[in-house]
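Read off the chains here:
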Amino acid sequence: MLHDPTRSRVKQPILIVLHQERSSPGRVGQMLEEKGYPLDIRRPVLGEALPSTLVNHAGAVVFGGPMSANDPDDFVKREIDWLDIPLKENKPYLGICLGAQMLVRHLGGKVEADREQRTEIGWYQIRPTEHGRLLMHWPQMVYHFHREGFSLPQGAKLLAEGDVYPNQAFRYGTNAWGVQFHAELTRAMMHRWVVHGAHRFVLPNAQQGRDHLDGRMIFDAPLKAWLSNFLDLIFEKSHLPA
């Protein structure tokens, strides 16, 4: 059998960090596997160790969770400290919600609620900055589920902004990325979040569960397309300016 040079080489796994026993990487995991990346799933909250180097990984994705990046739990502090590894090794890193807030804390920024204690729980508009527009096309509406936002770390480039929490997506250096919103939810995941998170819908600025599900019918397709392109940008380095 002749060697086919077009066959893709085996890719290194991507480290997936989750924060609850039943959490799932959702569409991020599905898309990364479709792009040829095995997943190495770790849950530090359950005592699973994070690797001491990412030399054998193609990068890392740290997901959200119900905890705060300001919490005093040892695993939260250890995870924030661990972010020194992808930064020093210049490995692709994507932080989603809590994962972005942990990166901000590691870089010396602040994670806190806005002055009126408003949340973003449901679908909210974002706007790409000039840096963001140069990178890719962005969806107008994205899905959120958080009570805190973050300051922009020194040296970071803001990629997208919002009304209640102005910092929605950023890039730090060449390989570290953070987003405040959730593009990873499958339909089943959103239903689960709406059921288990219903007690949060009374919080300031939160939307009701039916709005979450109705919004998905309208806004999810552009968000899903954006996510696939964003993962290519981070891990495949497609069309990535310096």
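See the structure shown above.
1. Describing the overall build of the protein
Helix and strand counts for the protein come out as seven helices and twelve strands. A globule of 242 residues ought to have a C-alpha radius of gyration of about 18 Å, and the protein, at 17 Å, matches this closely. In terms of principal-axis extent, the alpha carbons of the protein reach across some 60 × 40 × 35 Å. Looking at the protein residue by residue over its 242 residues, the buried ones come to 52%. When contacts within the protein are restricted to residue pairs at least 6 apart in sequence, those whose partners lie at least 24 apart make up 72%.

2. Examining the sheet that holds strand β4 (residues 93-96)
Read from one edge of the open sheet, eight strands run β2-β1-β3-β4-β12-β11-β10-β7, paired in mixed fashion. What marks the edges here is a single partner per strand, and that holds for β2 (39-42) and β7 (127-128). As paired elements, β4 and strand β12 (residues 176-179) share four bridges and run parallel to each other. Looking at β12, one finds that L94 is bridged to W177. Packing against the sheet, helix α1 (residues 26-34) makes contact with β1 (14-17), β2, β3 (59-62) and β4, and its axis sits at approximately 150° to β2. In the packing of helix α7 (residues 209-236) onto the sheet, contacts are made with β1, β3, β4 and β12, and the angle to β12 comes to roughly 160°.

3. Re the packing of α1 against α7
Close contact between α1 and α7 brings their axes to 10 Å; oriented N to C, the two are set at 50°. If you check the angle between α1 and α7, you find them oblique. By crossing handedness, the relation of α1 to α7 is classed as right-handed. On α7, the residues that touch R27, V28, M31 and L32 of α1 are R216, D220, K224, L227, S228, L231 and F235. Grouping the constituent residues of the contact of α1 with α7 by class yields six nonpolar, one polar and four charged.

4. Digging into the pattern of salt bridges
Considering all chains together, one arrives at nine salt bridges under this definition. Between D220 and R216 there is a salt bridge, with its nearest N and O atoms 3.6 Å apart. One end of the pair is D220 and the other is R216, both in helix α7 and four residues apart, which spans about a single turn. Comparing D220 with R216 shows no difference in burial state: the two are buried. When salt bridges that share partners are traced, they join R27, R216 and D220 into one network.

5. Some points on the packing of aromatic side chains
One pass over the full model with this rule turns up twelve aromatic pairs. Considering the side-chain rings of F145 and W193, the 5.6 Å spacing of their centres and the 85° angle between planes classify their relative orientation as edge-to-face. With F145 in strand β8 (residues 141-146) and W193 in helix α6 (residues 187-196), this residue pair connects regions lying 48 residues apart in the sequence. Judged by centre distance (5.7 Å) and plane angle (85°), the ring pair of W177 and F230 falls under edge-to-face. On the criterion of sequence distance, the pair formed by W177 in strand β12 and F230 in helix α7 is long-range, its members being 53 residues apart. Pair check on accessibility: W177 and F230 agree, each one buried. These aromatic residues form a ring-pair network of at least three members: W123, Y143, F145, W193, F201 and F219.

What counts, and where the lines are drawn
Residues numbered from 1 in each chain as written. Predicted model: local features only at pLDDT ≥ 70, side-chain atom pairs only at ≥ 80, totals over all residues. Heavy atoms only, no water. Helix = DSSP H or I, 4+ residues; strand = E, 2+ residues; numbered from the N terminus. Rg over C-alpha atoms; globule rule 2.2 N^0.38 Å. Buried < 20%, exposed > 50% of the residue type's maximum accessible area, 1.4 Å probe, protein only. Contact = heavy atoms within 4.5 Å. Pairing = 2+ DSSP bridges. Axes fitted to C-alpha atoms, helices over the stretch in contact; angles between N-to-C directions. Parallel < 35°, antiparallel > 145°, perpendicular 65-115°, else oblique. Left-handed = near helix turned anticlockwise from the far one by under 90°. Nonpolar A, V, L, I, M, F, W, Y, C, P; charged D, E, K, R; others polar. Salt bridge = Lys/Arg side-chain N within 4 Å of Asp/Glu carboxyl O. Phe/Tyr/Trp six-rings, centres within 6.5 Å; stacked < 30°, edge-to-face > 60°.

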